[in-house]
Amino acid sequence: MTVTASQRIQIAELVKSARKRNNITMEVFGKKIFGNNQYYSKQAIHHWEKGQTIPSMAILHVMRKNKEKWIRDLADEIINIILESEVQQEAKEV
């Protein structure tokens, strides 16, 4: 998965605004991702919100199955950005 710096920032802003719009902490968001006894660390969420890393496809797949619509929608938006990046990369190679 290769995304540009601007796409990484776009993903970071999406994650942060979705979390804040739902008025939850990074820790609570990390727990909501899995919706059970597992959780994603608030440090990982912090890295996403700073654009240092992006959610893996495995995590996005888990998020797409979440019972909360806003988490499913967020995952779909991130996946669309990643797919757009891959299409752009393929176009450059042709």
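Thresholds, definitions, all that
Residues numbered from 1 in each chain as written. Predicted model: local features only at pLDDT ≥ 70, side-chain atom pairs only at ≥ 80, totals over all residues. Heavy atoms only, no water. Helix = DSSP H or I, 4+ residues; strand = E, 2+ residues; numbered from the N terminus. Contact = heavy atoms within 4.5 Å. Axes fitted to C-alpha atoms, helices over the stretch in contact; angles between N-to-C directions. Parallel < 35°, antiparallel > 145°, perpendicular 65-115°, else oblique. Nonpolar A, V, L, I, M, F, W, Y, C, P; charged D, E, K, R; others polar. Buried < 20%, exposed > 50% of the residue type's maximum accessible area, 1.4 Å probe, protein only. Arc of directions from axis to C-beta. Expected span 1.5 Å × (residues − 1). Core = buried A, V, L, I, M, F, W, Y, C linked by side-chain atoms within 4.5 Å.

Help me out: how do you make sense of the side chain of Glu 49 in this one?
Its place among the elements puts Glu 49 in helix 3 (residues 42–50). In contact with Glu 49, not counting residues within four places along its chain, are Ala 12, Val 15, Lys 16, Arg 19 and Met 26.

Help me understand the packing of helix 1 (residues 5–21) against helix 3, please; the structure alone is not making it clear to me.
Axis angle and axis distance: for two packed helices, these are the angle between their axes and the distance between the axes, and together they describe the pair. At a closest axis distance of 6 Å, the pairing of helix 1 and helix 3 adopts a crossing angle of 120 degrees. Comparing the axis directions of helix 1 and helix 3 gives the class oblique. Of helix 3, the residues touching helix 1 (which contributes Ala 12, Val 15, Lys 16 and Arg 19) are Trp 48, Glu 49 and Lys 50. Among the residues making up the contact of helix 1 with helix 3, the classes are represented as 3 nonpolar, no polar and 4 charged.

I'm lost on helix 2 (residues 26–34) in this one. Help?
Since there are 3.6 residues in each turn of an α-helix, residues three or four apart along the chain are aligned in direction. Along helix 2, the residues that are buried comprise Phe 29, Gly 30 and Ile 33. Taken down its axis, helix 2 places every buried residue within 100 degrees of arc, on the same side. Just downstream of helix 2 lies Gly 35, where phi reads positive at about 70 degrees.

What's the story with the packing of helix 2 against helix 3 in this structure? I'm lost.
Across the interface, helix 2 lies against helix 3 with an axial gap of 8 Å and an inter-helix angle of 100 degrees. Classified by the angle between their axes, helix 2 and helix 3 sit roughly perpendicular to one another. For the pair formed by helix 2 and helix 3, the contact residues are Met 26, Glu 27, Phe 29, Gly 30 and Ile 33 on the first element and Lys 42, Ile 45, His 46, Trp 48 and Glu 49 on the second.

What am I meant to see in helix 1 here?
The terminal C-alpha atoms of helix 1 lie 24 Å apart, and with 17 residues this matches the ideal 24 Å at 1.5 Å per residue to within 8%. Gln 7, Ile 11, Ala 12, Leu 14, Val 15, Ala 18 and Arg 19 are the residues of helix 1 that are buried. What you see down the axis of helix 1 is that its buried residues fit within an arc of 160 degrees, all on one side. Pointing more than 90 degrees away from the buried face of helix 1 are the exposed residues Ala 5, Ser 6, Glu 13, Lys 20 and Arg 21. Asn 23 sits one or two positions beyond helix 1 and adopts a positive phi of about 55 degrees.

Got a minute to help me understand the nonpolar core in this structure?
In a soluble, globular protein the nonpolar side chains are often hidden away together inside. Counting residues in hydrophobic clusters, the biggest one holds 22 residues, and the most contacted among them are Phe 29 and Met 63. Those elements that place two or more of their residues in this core are helix 1, helix 2, helix 3, helix 4 (57–64) and helix 5 (69–93). Tallying contributions element by element places helix 5 first for this core, with 8 residues. Apart from the residues lying within four places of it in its own chain, the contact partners of Met 63 are Phe 29, Ile 33, Ile 71, Arg 72, Leu 74 and Ala 75.

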